[in-house]
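Each chain, written out:
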Amino acid sequence: MPGNGKLRLAVWKFASCDGCQLSLLNCEQELLALLEHVEIAYFLEASRATSRGPYDLSLVEGSITTPHDAERIHAIRRDSKLLVTIGACATAGGIQALRNFRDVKAFTSIVYPNPDYIRSLRRSTPIRDHVEVDFELRGCPIDKGQLLEVVGALLAGRRPGIPTYSVCHECKRAANLCVMVAHGTPCLGPVTNAGCGAICPAFTRGCYGCFGPAEKTNTASLTNWLRDNGENRKTLVRSFRSFNADAEAFRKESEALEQAGKRHG
Amino acid sequence: MGAIVKKPRVLDAAALGELFEALKAAGHTLIGPVPRDGAIQYQPIDGVADLPAGWSDFQDKGRYRLNETGEASLFDYASAPQSWKRYLHPPRLKLFSARREKGRIRFDDEAEPIPKYAFIGVRACDLNAIAIQDRVFIGNGQIDPHYAARRERAFLVAVNCSRAGGTCFCTSMGTGPRAETGYDIALTELIDDRGHRFLLETGSDAGESIAAGLDAAAAAPEDIDAAAAISERVAGNMGRSLDTEGLPEILAKNLSHPHWDAVAERCLACSNCTMVCPSCFCTSVEDTTSLEDGTAERWRDWDSCFSGRFSYVVGGQVRDSTRSRYRQWLTHKLSYWHEQFGSSGCVGCGRCITWCPVGIDITEEAAAIRATDEA
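Residues numbered from 1 in each chain as written. Chains lettered and ligands numbered in written order. Predicted model: local features only at pLDDT ≥ 70, side-chain atom pairs only at ≥ 80, totals over all residues. Heavy atoms only, no water.

With that settled, consider the pairing of strand E2 (residues 29-36) of chain B. A regular strand carries its side chains on alternate faces of the sheet. Residues and elements named next belong to chain B. Judged from the three bridges that link them, E2 and strand E8 (residues 117-122) form a sheet pairing that is parallel. By the bridge assignment, Ile31 is partnered in E8 with Phe119. The sheet contact formed by E2 and strand E3 (residues 39-44) spans six bridges and is antiparallel. Its bridge partner being in E3, Pro33 is matched across the sheet by Tyr42. The loop that links E2 with its antiparallel partner E3 comprises two residues; one of these, Asp37, has a positive phi angle of about 60 degrees. (Pairing = 2+ DSSP bridges. Helix = DSSP H or I, 4+ residues; strand = E, 2+ residues; numbered from the N terminus.)

Structure below.
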């Protein structure tokens, strides 16, 4: 830590929508208290004043989608004592990882008048595929409470209390009624990591899987049940292919569903 | 509690509100069945108007639906989605807080306000589940002060089931459908040509003292017979059954049975079964720290043998596979709970069957092990 005893924080952006870094600015109530302990050394979303590394903590948002970014992340890693990735893009490749299931060149040729200028990698990949990551915070976007918990735990020298169990766990604690059992609404909660506070089921909607796969998942069993209850295979493929499409458990399930679809027509 | 034998009374349905008012006057917060979001759930209630008049439920594995019956009955439903557990053993509880002051750590010993509940509509299965948690939290040598304080203040109004749910099997477990003990007041809802009324029995001094203040006459033999007939009919209508004969031993010697793999293929390890189980009691403890004022807090949260961190010790997870987690849950519940707490850990409420998102049925799984008992 620098002379002022504060933790030097840097926030970095890769391929992403900025929503996760905005979660830090959204900590309106807590921001002043946070700044008692933290010096914002590099955070373009908050200030154009930047200072050089090394940084005690780097929060990295976004996925790696270009050759330039694949280089840049190494420099950030070298300059950071701790590197924490934030959000579905940084931890699973994000919504842009939908390209991983198709030929990205086919997209660029349709979208851009001069696709030759586009230098894009074939796949969108999470940060941990490129450098060592000390901690991952899931979500699209991340939960600001979880972000403060990680920073607070780091300052206090304790392990962050970030759950790895399913959204169902949160629903039951909050006494949300199960939308699958009571309403027949398809829900990814049983295979999705907790952390959002089960927001969607609390408003009687199925979970969209924003926080990616839980520590233990059985996506095949969930889809079998939903298929038996009349859910369409294509809809299920789409439900696994959203913000965490390329997270391993979700990718495998959507691919298995697609394969089964081809076999059965 | 069960030793007090008083003559049953009969309480007119129109006078049920008097019972609620008497409990409120005694300082109790009423928790009772309320139709909400598509299920009959135990929630704070104000009076009779909140009760699910004319509502019932349909339950099967992985399926719950609310039905409108249009009948006058107030208690014509099976198990609620969650049990009374969340009131006696809250899902999240602050154990203490501490702050750093002038280089020293000070513990705040603010007295925790203990709610004084009256539960309205406790079923026989749940009375047995409360008795199990009493043994876990109070009767096992170590007293959990948080549970004990809530439990001591709670007043239990049992209502005998007038209908068996599709996933119910209390008859198999010897835990119902008629409330035998553990209640302060037990009601049986009677609707026939003699009117809409409740047979009222008392099971404790507290129950007798409340009942004595009600406008409830001595029950006629016809009322007592009608109540007994309802319990007998319900006992014969269970949606499920479980053969418990020798089951603890059969499960204990089949820990390597291939059927555990078959269950693991379906089990989501999502922990719903343990959360809705009225006897499951496991928790984890976590510390939080405040950025603002150096306050630290210690919290206790419901946890589950299906979560990875629950069996995490130095060096890794004791139960890494879903197979081992499901087996742990089922064998604890139906087998070695007996050794540990002197009864089965299952009361046949059927919640784990109804609320499993993929409809895994504990009675089917136990029966499958029994049917192919090779050891």
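Before going further, it helps to examine the packing of helix H9 (residues 259-266) of chain B against helix H11 (residues 322-341) of chain B. All names here are of chain B. Direction vectors running N to C along H9 and H11 enclose 110 degrees, while the axes themselves pass 8 Å from each other. Here H9 lies roughly perpendicular to H11, going by the angle between them. For the pair H9 and H11, the contacting residues are Trp260, Asp261, Val263 and Ala264 in the first and Thr322, Arg323, Tyr326, Arg327, Leu330 and Thr331 in the second. (Axes fitted to C-alpha atoms, helices over the stretch in contact; angles between N-to-C directions. Parallel < 35°, antiparallel > 145°, perpendicular 65-115°, else oblique. Contact = heavy atoms within 4.5 Å.)

Take the interface of chain B and chain A next. Each partner contributes residues to the interface: chain B has 49 residues there, and chain A has 33 residues. Both sides together, the interface formed by chain B and chain A hides about 3200 Å², and carbon and sulfur atoms give 55% of it. In this assembly, chain B and chain A are joined by three salt bridges. The partner of Asp320 of chain B in a salt bridge is Lys216 of chain A, and the shortest N-O contact between them spans 3.9 Å. Between chain B and chain A we count 23 residue pairs in polar contact (both at pLDDT 80 or more) in total. Of the residues forming the side of chain B that touches chain A, the biggest block, four residues, is contributed by strand E13 (residues 283-289) of chain B. Here the residues of the side of chain B that touches chain A are counted per class, giving 17 nonpolar, 16 polar and 16 charged. (Buried area = accessible area lost by both parts, 1.4 Å probe. Salt bridge = Lys/Arg side-chain N within 4 Å of Asp/Glu carboxyl O. Polar contact = N/O pair within 3.5 Å; in protein donor to acceptor, adjacent residues only side chain to side chain. Nonpolar A, V, L, I, M, F, W, Y, C, P; charged D, E, K, R; others polar.)

Next up on the list: the sheet that holds strand E3 (residues 55-61) of chain A. Residues and elements named next belong to chain A. The strand order across the open sheet formed by five strands is E2-E1-E3-E4-E5, and the pairing between neighbours is parallel. On the outer flanks of this sheet lie strand E2 (38-42) and strand E5 (135-137), each paired with one strand and no other. Within the sheet, the average angular offset between the axes of one strand and its neighbour, ignoring direction, is 30 degrees. In this sheet, E3 lies alongside strand E1 (residues 7-13) in parallel orientation, the contact comprising five bridges. When the sheet's bridge partners are listed, Val11 is paired in E3 with Leu59. Each of E1 and E2 touches helix H2 (residues 28-37); the most contacted strand, E2, lies at about 85 degrees to it. Of the strands in this sheet, E1, E3 and strand E4 (80-86) are in contact with helix H3 (residues 67-78), which crosses E4 at around 130 degrees.

Here we come to the pairing of strand E14 (residues 295-302) of chain B. Residues and elements named next belong to chain B. As judged from the seven bridges shared by strand E6 (residues 92-101) and E14, these two strands associate in the antiparallel manner. Residue pairing in the sheet places Arg92 in a bridge with Asp301 of E14. Sheet analysis places E13 next to E14, joined by seven bridges and oriented antiparallel. The residue of E14 that forms the bridge with Glu286 is Trp299. Taken together, E13 and the strand that follows it, E14, pair antiparallel across an intervening segment of five residues, in which Gly294 is found at a positive phi of about 70 degrees.

Once that is clear, we can look at unusual backbone geometry. The omega angle of the peptide bond from Cys140 of chain A to Pro141 of chain A is 0 degrees, so this bond is cis rather than trans. Note that Pro141 of chain A resides in the loop between E5 and helix H6 (144-156). With an omega dihedral of 10 degrees, the bond running from Gly176 of chain B to Pro177 of chain B counts as a cis peptide bond. Phi is positive for Asp18 of chain A, close to 80 degrees, though the residue is something other than glycine. Residue Asp18 of chain A is classed as buried on the basis of its relative accessible area of 18%. Not every positive phi belongs to a glycine, and Thr204 of chain A is a case in point at roughly 55 degrees. For Thr204 of chain A, a relative accessible area of 38% puts it in the partly exposed group. (Buried < 20%, exposed > 50% of the residue type's maximum accessible area, 1.4 Å probe, protein only.)

All names here are of chain B. Parsing chain B into structural domains produces domain 1 (9-235) and domain 2 (247-371). Here the C-alpha centroids of domain 1 and domain 2 sit 25 Å apart. Tallying the contact residues gives 44 residues for domain 1 and 42 residues for domain 2. Together domain 1 and domain 2 conceal approximately 3700 Å² of surface at their shared face, both sides included; 56% is due to carbon and sulfur atoms. When the area that domain 1 buries against domain 2 is broken down by residue, the three leading residues are Lys85, Arg92 and Phe169, summing to 16%. The interface formed by domain 1 and domain 2 contains five salt bridges. Joining domain 1 to domain 2, the criterion identifies 32 residue pairs in polar contact (both at pLDDT 80 or more). (Domains from an automatic or database assignment.)

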